[in-house]
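# Tertiary structure, described
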Amino acid sequence: MLRTFWHYLGETQPRLLRVVHILIAALVIGQIINSNATQVEAITDISAGLLVFLCTWLHIIAGSVLVILGFALLFYVLALRGFRYYFAWLLGDFSGIVKDLRTLAHFHLPEASAGGIAATVQGLGVGALLLVALSGSIGVALYLMGYAVGFNVIHWHKFLTGLIEVYIFAHGAMGLLHFALRQFLPVKRE
């Protein structure tokens, strides 16, 4: 089944994009789980316990890797398909979204297309990933430099993490639903 899913992803994603996509998803899920064992104070103070200190620094290091992977993903997909493919709505072009909504209104699954719902959701996901990862990195850097605002930025980071949590579960569920429909039901797609 995993092999079939890998090939399914290959219908719309080159191999490198699939690898980065899955790596980012695994790191984000790990970050969500790991975040429960982190404390801001443990960045510089081990008195909260060795496990909290290590989990906090693991979270910081993995978050820094996510910043790098997030920018790599952004530049790769922009080079692959261009800005308009993922962010047509920012240019006032909603025609792809409207077309997909019409297709869905006829109970058909739309194909991924420039400016469509799938592309827009993917663009928003990359943006949310970078927003959350950068806010965490900037917050930690400010905190380590002694700026009190770093503590506030880290709290914004925690708040913004809700965006990624919703995104990863909704995006993952929709991807698995599309895969299941493609594999097990004769669904007409447009």
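Residues numbered from 1 in each chain as written. Predicted model: local features only at pLDDT ≥ 70, side-chain atom pairs only at ≥ 80, totals over all residues. Heavy atoms only, no water.

## Details of the overall build of the protein chain
Using the following cut-off: The secondary structure listing takes helices from DSSP runs of H or I that are at least 4 residues long and strands from runs of E that are at least 2 residues long, numbered from the N terminus. Relative accessibility thresholds used throughout: buried, under 20% of the residue-type maximum; exposed, over 50%; partly exposed, between the two (1.4 Å probe, protein chains only). By definition in these notes, contact holds between two residues if any of their heavy atoms fall within 4.5 Å. Here the positive residues are Lys and Arg and the negative ones are Asp and Glu; neither His nor the chain ends is included. The atoms used to mark charge sites are NZ of Lys, CZ of Arg, CG of Asp and CD of Glu.
Looking only at helices and strands, the protein chain has 7 helices and 0 strands in total. Secondary structure elements in the protein chain, listed N-terminal to C-terminal, are α-α-α-α-α-α-α. A total of 190 residues make up the protein chain; the buried ones form 35% of that total. Sequence separation of 24 or more characterises 63% of the internal contacts of the protein chain that already satisfy a separation of 6 or more. Counting 11 positive and 8 negative side-chain charges, the protein chain places the centres of these two groups 12 Å from one another.

## Here we look at the environment of Ala-112
Inspection of the secondary structure puts Ala-112 in the loop between α5 (95-105) and α6 (117-144). Owing to a relative accessible area of 44%, Ala-112 belongs among the partly exposed residues under this scheme. Between the C-alpha atoms of Ala-112 and Arg-15, which are 97 residues apart in sequence, the distance is 17 Å. Ignoring sequence-local partners within four residues, the contact set of Ala-112 consists of Tyr-85 and Ala-118.

Function-wise, these values are silent; they only describe arrangement.
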